[in-house]
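Structural description and commentary
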Amino acid sequence: MPNIRISLKTLSQYVPIDLSPGDLAEELSFAGLEVARIDSPADQYQNIVIGEVKKRNIHPNADKLSVCEVDVGSESRCIVCGAPNVAEGQKVVVALPGANLPDNGNDHGGKSFKIKPTKIRGVQSEGMICSGFELKISDDKDGIHIVPSDVPVGTSYAEYLGKNDTYFEFEITPNRGDWLSYFGIAREIAALRNSSWMKPAISFHEGLTPIEQEAKVSILNSTLCRRYVATVVRNVKIGESPQWLKNILESAGIRTINNIVDITNFVMLETGQPLHAFDYDLLSKHEIIVRNAKEGETFKTLDGKERQLTPEMLMICDGVRPVALAGIMGGENSEIRNDTVNILLESANFLPQNVRRTSKNLGLSTESSQRFERGVDISMTLFAARRATQLLCEYAGGIAAQGTIDVFPIATVKQVLTQSTERTNNILGTVLSDKDIREYLKRLEFEILEEEEGKTAIAVPSHRYDILSEIDLVEEIARLYGYNNIETKHRAEFTFALPAAGESFEDELKDHLSGAGFNEILTFSMNDPSFSSMGFAPRMHPVSVLNPLGKELSHMRNSLIPGGIASIRANIARGNRNLRLFEIGSIFSTSTELTPTSLSNISEKRLLLLALTGYDQPIGYGNNNRPVDIFDMKGVVDSLLRKYTLDKYSLNCYDSESALSEYQLSIEIHGVTSGRIIELTSDQLTDYEIDQKIIFCELEIEPLKKGSLREKKYIAPSKFPDVTRDLAFIVENSTSNNQVMKAIWDSKIAELRDVVLFDAYSGNQVEAGKKSLAYTVTLNSDRGTMIEEEVQKKIGFIVKNVERECGAVLRSTG
Amino acid sequence: MKEQLEELRRSFEKETENARTLIELESIRIKYLSRNGTVSAFFEHLKNVPKEQKPVVGKLLNELKKDVEERFARKMELLKSNEQKPKEKLDLTLPGRHRYTGTIHPITQTMREISAIFKRMGFTTATGPELEDDWHNFEALNFPPDHPARDMQDTFFISDSLLLRTHTSPVQIRHMMTHKPPVRVIMPGRVFRNEAISARSHMQFHQIEGLCVDEHVTFADLKGTLAHFARQFYGSAVKFKFRPTFFPFTEPSADMYISCIICGEKGCRICKYSGWLEILGSGMVHPNVLANVGYEPQKLTGFAFGIGIERTAMLKYSIDDIRLFFENDIRFLRQF
């Protein structure tokens, strides 16, 4: 957002200011014209005034000191002074008690210095006569600073310096280009305070040569250039601007260049109309042609840069070549130089959208382009040209040609809107009358065209580019009425709405995981392209950002694992090695290798990441710590899946040759691959400079959410006690737990309720090449307590099936 | 005889009652219940009772014996349990066996707290994609093409037409396109701005968007709803005010300020010495936005608001650097 810094003293020339700066800032801010900063340079010069040395006597106790009687306006002060050059009749700068002299970097250890009444060698001194060094305006330490004799006694030093002013820095919203000027702010104050503002009167002496003989202007594209006003001023003297003008420009952060350019910039600040001054003698044929750039044309702007033009850009040209980028910047070939004598002044109105496009495409934003983009008042074009011409005559000694050229091909049509009082009240919750509404609109310079009961037809003033429909007027009325005067209604009537199914599922999941000892993390949605091979969906392509902050943030993440690695790395670097982390976030991929152009090319998925590293339990008394392994993760995932999807999932191991993981399990829910458990390889760990195992799990949220929404139906638990038996089988090493489990379940025992592996052993106790797997099986019958014979029979079936299916031998039962 | 028995009962009861130690109790046992004790003496005496009275006295005597024995056993139990047993020495200052404690990220916690307030006011929740198209993120929200309003939100682009959403407002569009009015919904989510990462600004952050569209919804309802939110979230004593501002998708638009919760309006670094903190942006839904989603702008009105979560959490927890939220330092996370 552009800011504008203005001087209150200057502002008061256009509108009466009857509030303190603080109150004015508050009132403006609460009308939407935000004052971001107030500063008063004068504050640092408080209690420093101009005085006159009336009498000077030698100090009774010190030859080198003088005792002076100094008139400071309201009274006389006795001041002891050590400077040799002090003399009666001098006008000097006096720091009275309470003054803070600026830090001069030397005398007072770099701190500002507060003046107090003091006794110096037995004589009371009520202040200090300042040297240039003490005022921080020169290096002269020995003598006091003497000011011209015509400065009245008692004048504040700030006023003497011309710094007795307060500055407001406004933050201007993009809809209000009209506020980017003194006129605009004065107009707003007048509307808010119900007073009036005024433009300066213009009068200057015109020469005898009619302007038509001096120059010619033609507009070839009247859509992009809606008005062009030109004046010619001859015989100007290039020089420095007067101090007041320099002060205004400097306070607005605009560099002063010379009187000509400074005047155009000042009038832009004053009126909001950007102006450009050409060296008249450098314009071929003394002609201005406004046209589109030609294909392949180039142009050197006055910042010295060669610009490549395209045909949609609008150019100001002379008889043969471009001389300015319309509304943005002039060219080197026609700029004001130290030897410029005659000037052609441009005041024009360009289409906002076109200026913005050109400015964006060239990457060139100026005070001028910022105003044109937001819309410049088309009724100001002529006034601003004449105002600048007046100042050129006044401060550059020029002679204006007679008249002005004003090319205005298509007369603007005033926008007419109708305001309904009822609608206004219905939107604001107010009870404003027709009269109230008209009053506010009038104060804002809307022209009332027709008044009917409940309806007001108005014409929008030409400076308001933001008023397009009735609703915009409602805001204007609300601003003037005051947002804080509108009722705060503490009662609401609303229709009951059904929440979307599963709207709080992620929250539920987060609670479950934090209960399971996981800390939630949030990582970047973008990462380095080198991570893209980790993608969750291997057949999809990563999505890249056209204008990233840097290469390391140039790809949209296609997995949450890279963020997990970064978080683990950062924590380990700070000595925190035992981590259980989780994140829920979106990953992105695209089905096309080309730049995706539609959302249908994009896949955006919610994913859960779990990360385990370090010890399985916190280090501490009573915990036998061991490093986590993939089975810790499996356990967490198992319980999670069981919670949300009952038994409709499986964790499948594939022999992976992948360089991406040491071990990998694929998670299937209802037969669809929905996640993975991965242990990073030692090569990866080396790359990331991590010296401990990391296990990740990535899991899609959607199937879990679906599982959580399943209908839950009660199954009556058996009234009879469970019977458990432990079975240990000897199997070949190559036989997996899954195979044995499957064989147990496949024995089709109706009473089988649960099977849990409680021990897996290979070693001295079993034959080489074999291992022992021990299970607890739980049986239960709904019909009655199972008797031993029945249990034996069922267990027998199980054992037989395992022996047959897995080549197992029963080692023991119990 | 009967009186004598009652006398015995009374003295036994009294003595038993007064017994303080097992040793004292033992002497009572010896006195009354031992072979040479008083009770036995009465049984001895029974021999001399006339035959016809024997059953009655015998019964009395048996009852007495039973009562006395029971009372004695109870007292014995009591004294035994009071007696100091030598205990196994346990150092109870040893720590418990710890398990990892999980935490919910402060951003999530702040979002939940805000959501909960609006849910109690009848709002439901909706979400939308983080990767959006220009239409949902800008055009439908009344950002004119080639207008400086687009500069308010520096955008990460994927292509000419695709981008990372710069605010949660596109979810408003998505929700209204798929739901008939009235709607009353909050939309939490992650958003992106192409801004350098510093202590005060980040390229990614979170927002909660709110939207209420119905017949007869006014600016006064907007103020009431948001004032209620502010009082619940920041405390009932908080003062508030609204300031005109500009958003393309609301008209009138308003920033909401609350009295500074850090300094209590005195002025501090956090409120930039103004005594007031900006907490959210809001406004009445622009009729163009309603028309863009196929709602009738002449019939319906509504308000919308957006709350920055990071900023809110920073205020709430006195966090001075936004980057902490995404560094995931476990020592930071464990504090929430």
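Residues numbered from 1 in each chain as written. Chains lettered and ligands numbered in written order. Predicted model: local features only at pLDDT ≥ 70, side-chain atom pairs only at ≥ 80, totals over all residues. Heavy atoms only, no water.

A short note on the overall build of chain B
Broken down by element type, chain B carries 12 helices and nine strands. Taken over C-alpha atoms, the radius of gyration comes to 41 Å for chain B, far larger than the 20 Å a tight globule of 336 residues would show. Summarising its shape, the C-alpha atoms of chain B cover approximately 125 × 50 × 45 Å along the three principal directions. When contacts within chain B are restricted to residue pairs at least 6 apart in sequence, those whose partners lie at least 24 apart make up 66%. (Helix = DSSP H or I, 4+ residues; strand = E, 2+ residues; numbered from the N terminus. Rg over C-alpha atoms; globule rule 2.2 N^0.38 Å. Contact = heavy atoms within 4.5 Å.)

Observations concerning helix H7 (residues 170-178) of chain B
Taken together, the buried positions of H7(B) are Pro170(B), Val171(B), Gln172(B), Ile173(B), His175(B) and Met176(B). For H7(B), the secondary structure elements touched by its buried residues are strand S2 (131-133), helix H6 (134-137), strand S4 (183-192), strand S5 (204-214), helix H9 (287-292) and strand S9 (301-308) of chain B. (Buried < 20%, exposed > 50% of the residue type's maximum accessible area, 1.4 Å probe, protein only.)

Side note on the interface of chain A and chain B
Facing the 95 residues of chain A at the interface are 92 residues of chain B. For the pair chain A and chain B, the summed buried area comes to about 7,700 Å², and 56% of that belongs to carbon and sulfur atoms. When the buried surface of chain A facing chain B is broken down by residue, Tyr483(A), Leu522(A) and Tyr621(A) rank first, second and third, together holding 10% of it. The interface formed by chain A and chain B contains 11 salt bridges. Salt-bridge contacts for Arg112(B) lead to Asp507(A); the nearest nitrogen and oxygen are separated by 2.8 Å. (Buried area = accessible area lost by both parts, 1.4 Å probe. Salt bridge = Lys/Arg side-chain N within 4 Å of Asp/Glu carboxyl O.)

Details of the sheet that holds strand S41 (residues 770-779) of chain A
Pairing between the strands of a sheet is mediated by backbone hydrogen bonds and can be parallel or antiparallel. Residues and elements named next belong to chain A. An order of S40-S41-S39-S42 is seen for the four strands of this open sheet, with the pairing classed as antiparallel. The open sheet has two edge strands with one neighbour each: strand S40 (752-761) and strand S42 (809-813). Across the sheet, the mean angle separating the axes of adjacent strands is 25 degrees when strand polarity is ignored. Strand direction decides the pairing type here: S40 and S41, joined by eight bridges, are antiparallel. What sits directly across from Tyr761, in S41, is Ser772. Each of strand S39 (723-732), S40, S41 and S42 touches helix H20 (residues 788-806); the most contacted strand, S39, lies at about 20 degrees to it. (Pairing = 2+ DSSP bridges. Axes fitted to C-alpha atoms, helices over the stretch in contact; angles between N-to-C directions.)

Regarding the packing of aromatic side chains
Under the definition given, this model contains 31 aromatic pairs over all chains. A ring pair is formed by Phe325(B) and Phe332(B), whose centres lie 6.1 Å apart and whose planes are at 75 degrees; its orientation type is edge-to-face. Using a relative accessible area of 0% as the deciding quantity, one classes Phe325(B) as buried. Three or more aromatic residues joined by ring pairs form one cluster here, namely Phe118(B), Phe123(B), Phe229(B), Phe233(B), Tyr234(B), Phe303(B) and Phe305(B). Sitting over the face of the ring of Phe383(A), Lys199(A) holds its NZ or CZ atom 5.3 Å from the ring centroid. (Phe/Tyr/Trp six-rings, centres within 6.5 Å; stacked < 30°, edge-to-face > 60°. Lys NZ or Arg CZ within 6 Å of the ring centre and 35° of its normal.)

Considering empty space enclosed by the protein
Evaluation of the coordinates by the stated rule reveals nine cavities of 30 Å³ or more. Counted as a void, the largest cavity has a volume near 120 Å³. The wall of the largest cavity is formed by 15 residues, among which Asp178(A), Ser181(A), Thr271(A), Gly272(A) and Asp377(A) lie closest to the centre. A total of three residues in the lining of the largest cavity trace back to one element, the largest contributor, which is helix H4 (residues 182-193) of chain A. Partitioning the lining of the largest cavity into residue classes produces three nonpolar, eight polar and four charged. What lines the second largest cavity is Ala31(A), Gly32(A), Thr173(A), Asn175(A), Arg176(A), Trp179(A), Asp466(A), Glu475(A), Glu476(A), Arg479(A), Pro244(B) and Thr245(B). (1 Å grid on protein atoms, 1.4 Å probe; cavity = no way out; pocket = protein on both sides within 12 Å on 5 of 7 lines; lining within 4 Å. Points joined across faces, edges and corners; volume = space filled by probe spheres on them. Nonpolar A, V, L, I, M, F, W, Y, C, P; charged D, E, K, R; others polar.)

Section: the pattern of salt bridges
Enumeration over the complete set of coordinates arrives at 77 salt bridges over all chains. Among the ionic pairs, Glu34(A) bridges to Arg243(B), the shortest N-O distance being 3.0 Å. Of this pair, Glu34(A) sits in strand S2 (residues 34-39) while Arg243(B) sits in strand S6 (residues 240-247), each in a different chain. For Glu34(A), a relative accessible area of 22% gives the class partly exposed. Arg243(B) gets classed as buried once you look at its relative accessible area, which sits at 3%. In this structure, the salt-bridge partner of Asp303(A) is Arg307(A), at a minimum N-O distance of 2.7 Å.

A closer look at the packing of helix H3 (residues 38-46) of chain B against helix H4 (residues 54-82) of chain B
Residues and elements named next belong to chain B. Where H3 contacts H4, the two axes come as close as 11 Å, and the packing angle between them is 170 degrees. It follows that H3 is roughly antiparallel to H4 by the angle criterion. Note that H3 runs across H4; the crossing there is left-handed. Only Lys54, Val57, Gly58, Leu61, Asn62 and Lys65 of H4 make contact with H3, whose side of the interface consists of Val39, Phe42, Phe43 and Leu46. Split by residue class, the contact of H3 with H4 holds six nonpolar, two polar and two charged. (Parallel < 35°, antiparallel > 145°, perpendicular 65-115°, else oblique. Left-handed = near helix turned anticlockwise from the far one by under 90°.)

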